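Analysis of the macromolecular model
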Amino acid sequence: MSEETELFLRIIAREIPADVVRENERVIAIRDINPQAPTHVLVIPKKRYRNAAELAAADPALLSELISTAHEIAEAEGIDESGYRLLFNTNADAGQTVFHVHLHLLGGEWLGGMTGGPLKG
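What you see is a predicted model; the values in this text were computed from it and never measured. (Residues numbered from 1 in each chain as written. Predicted model: local features only at pLDDT ≥ 70, side-chain atom pairs only at ≥ 80, totals over all residues. Heavy atoms only, no water.)

**Overview of the side chain of Glu65**
With respect to the helices, strands and loops of the structure, Glu65 is situated in helix 3 (residues 60–77). For Glu65, a relative accessible area of 17% translates into the label buried. (Helix = DSSP H or I, 4+ residues; strand = E, 2+ residues; numbered from the N terminus. Buried < 20%, exposed > 50% of the residue type's maximum accessible area, 1.4 Å probe, protein only.)

See the structure below:
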């Protein structure tokens, strides 16, 4: 396991400090240290799965819990009505740098479109 992959396990073990927004026995949610929006929270399963596809195959209920936790945080942050984005990066070409699946919750401002130009294909 790489140092990047171990990052979340170390946060979960409280070896590395983090701004914890919500936590239960299966999930922890922390504020991103490099936020891309006014609200940028990472929702992380405590059990390590490499990416969203691996999590979905192994534990669909936990995947659902990540999404419902993100919605609860959006409500608490007051962005549920104005809108928010949920994002999984899967593997290097998508920008995944920590290979422990995590859901990005982004909101609190206009986030723009998903692409810089017209969709292809």
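**Describing the confidence of the model for the chain**
Per-residue pLDDT for the chain averages 91, and the proportion of residues at 70 or more is 90%. The low-confidence segment residues 117–121, where pLDDT is below 50, has zero contacts with residues more than four positions distant or belonging to other chains. (pLDDT = per-residue confidence, 0-100. Contact = heavy atoms within 4.5 Å.)

**Regarding the side chain of His40**
Its place among the elements puts His40 in strand 3 (residues 39–45). Its relative accessible area of 5% is what places His40 among the buried residues. A distance of 3.0 Å separates the side chain of His40 from the backbone nitrogen of Gln36, its partner in a polar contact. At 2.8 Å, the side chain of His40 forms a polar contact with the side chain of His104. With residues up to four places along the chain from it excluded, the contact list for His40 reads Ile30, Arg31, Asp32, Asn34, Pro35, His104, Leu105 and Leu106. (Polar contact = N/O pair within 3.5 Å; in protein donor to acceptor, adjacent residues only side chain to side chain.)

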